[in-house]
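Analysis of the macromolecular model
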Amino acid sequence: MRSKKGRVLLLWVLVCPGVTGAIVVPFSISSALGIAMGFIISFQLTQWCIFTKLHNDLQQECASFNRTGLKMDLENKLFGQHLASRIILKAVSEFMSNDNPKKPLVLSLHGPSGTGKNFVSQLIAENIYKEGMSSKFVHVFTSTLHFPNPRLLPLYKVKNSRGFMMTSCSSPNLNPLCSQYQLQQWIKDSVSNCERSMFIFDEMDKMHPGLIDSIQPYLEYYDKVVGVSYRKSIFIFLSNAGGESIVETALDFWREGRAREEIDLKDLETSVSLSVFNNEKSGFFHTSLIDKNLVDFFVPFLPLEYSHVVQCAMAEMKARASEGEGPPDLDVANQVAKDLIYFPKQERVFSVKGCKTIESKLDYYT
Ligand SMILES: *[C@@H]1O[C@H](CO)[C@@H](O)[C@H](O)[C@H]1NC(C)=O
């Protein structure tokens, strides 16, 4: 496959810069037929050159990674997640600097809600695509919104094979009855236009295993799936699966008086993967994603403490200040943080909703 692409490129290099030269050809052939053929050939060649040049330019333009940007964003905007920050920067940087990855990058983000899983996906998108999350090469699928009824899945499948659903669901964001087929089509269309497309699957633990299976071919080590190469795209799965055991570990550290920054990946890995595998409710473990080692990184998100909530509030106020509102106020940030609910009941260490409700709380205080 690579050699074929190589040959096409070589042909392009040889022919395209000198396409005007092809117009000379007809004059060396003295028959009218020769002239006509010459013009047709040179016209076709020009078209092809313009098209391939355009296509290559688009592919280059669709994504360009800013490592410094991601590093700074992770340091300055994501709070209390030393593990996630480290893993993500390393994983994304290495993947984006590799021109010939063997498979797509598959990240699985785990942790309680409000700890920054969605937010991190946004930071990654912002440092790869000019338009960030609004880029047409970034797609977010929410299992409960897009694939709400697992019992309809067999129906989707029947319809797939007959192609019925094809026109009835043009955008997964608008039609809640999107099927496996649309999902695959959506992925294929995006990657055909930009190899470095990004797909985010929210609430992965609620996603039907059949749907996960249907995206599996794109995650594998295939050179190409029906003519399209998916090896440069990024898949991000978000779920609460494993969240409880992450919380337990964080709480153990806190009770032992150890700093949370001491928590190492190996302290979490076993418990997280066990709960991902054994959680009957998570569609995740049913599938061969894990069996086949298609997930490159399990990224744990720790529950957030009071000080992190204050940081979140300050960051939000700072962002608002740059949009014309007043300067950040530490008193307000503390007030907001005090108003949240913390658990466990007696020690009150971690915010129940992480930083999730900060924005609306700030509206109330300012
Ligand atoms: C990368 O990000 C940094 C920090 O946000 C920014 O200053 C810089 O201009 C960005 N570089 C490019 C090429 O966009």
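The structure under discussion appears in the preceding block.
To start, this report covers the structure provided alongside it. Predicted model, so just to flag it, every value in this text is computed and none were measured. (Residues numbered from 1 in each chain as written. Predicted model: local features only at pLDDT ≥ 70, side-chain atom pairs only at ≥ 80, totals over all residues. Heavy atoms only, no water.)

**Some remarks on the state of the cysteines**
Applying the stated criterion across every chain, the model contains 2 disulfides. With its sulfur 2.0 Å from that of its partner, Cys-62 forms a disulfide with Cys-194. In this structure, the disulfide formed by Cys-62 and Cys-194 twists by about 75° around the S-S bond and is classed as right-handed. You can see Cys-62 sitting in helix H3 (residues 32–62) and its partner Cys-194 sitting in the loop between helix H10 (180–193) and strand S3 (198–202), a full 132 residues away along the chain. The disulfide that involves Cys-312 links it to Cys-355, with 1.9 Å between the sulfurs. Across the disulfide from Cys-312 to Cys-355, rotation about the S-S bond amounts to roughly 85°, and the bridge is consequently right-handed. One end of the pair, Cys-312, is in helix H15 (residues 306–321); the other, Cys-355, is in the loop between strand S7 (350–351) and helix H17 (358–365), with 43 residues separating them in the sequence. On the basis of relative accessible area, Cys-312 is assigned to the buried category, the value being 14%. (Disulfide = S-S within 2.5 Å. Helix = DSSP H or I, 4+ residues; strand = E, 2+ residues; numbered from the N terminus. Buried < 20%, exposed > 50% of the residue type's maximum accessible area, 1.4 Å probe, protein only.)

**Description of the sheet that holds S3**
Pairing within the open sheet is parallel, and its 5 strands lie in the order S2-S3-S4-S1-S5. Looking along the sheet, the strands with just one partner apiece sit at the ends: strand S2 (138–142) and strand S5 (297–300). Strand-to-strand twist in this sheet, taken as the mean axis angle between neighbours without regard to direction, amounts to 20°. Relative to strand S4 (residues 234–239), strand S1 (residues 105–110) runs parallel, the two being bridged by 6 bridges. From the neighbouring strand, Leu-105 faces S4, where its bridge partner is Ile-234. Of the strands in this sheet, S1, S4 and S5 touch helix H5 (residues 82–96), which is tilted by about 150° from S5. Its contacts with the sheet place helix H6 (residues 117–126) against S1, S2, S3 and S4, and it is angled at close to 165° to S4. (Pairing = 2+ DSSP bridges. Axes fitted to C-alpha atoms, helices over the stretch in contact; angles between N-to-C directions. Contact = heavy atoms within 4.5 Å.)

**Re the packing of aromatic side chains**
With the rule as written, the count across this model stands at 8 aromatic pairs. Relative to Tyr-342, the ring of Tyr-306 has its centre 6.3 Å away and its plane inclined at 40°; by these criteria the two rings are tilted. Of this pair, Tyr-306 sits in helix H15 while Tyr-342 sits in strand S6 (residues 342–343), placing them 36 residues apart in sequence. Relative accessible area serves as the criterion here: at 31%, Tyr-306 is assigned to the partly exposed category. Ring plane angle 55° and centroid distance 5.8 Å describe the contact between Phe-343 and Phe-350, whose orientation is recorded as tilted. According to the relative accessible area criterion, Phe-343 is partly exposed, its value standing at 25%. One residue, Arg-196, lies across the ring of Phe-95, its end atom 5.3 Å from the ring centre. (Phe/Tyr/Trp six-rings, centres within 6.5 Å; stacked < 30°, edge-to-face > 60°. Lys NZ or Arg CZ within 6 Å of the ring centre and 35° of its normal.)

**Some words on the site of the ligand**
The environment of the ligand is made up of Asn-66, Gly-69 and Met-72. Compared with its free state, where it exposes 370 Å², the ligand has 30% of that area covered by protein. (Near = heavy atom within 4 Å. Areas by Shrake-Rupley, 256 points an atom, 1.4 Å probe, with all protein chains shown as cover.)

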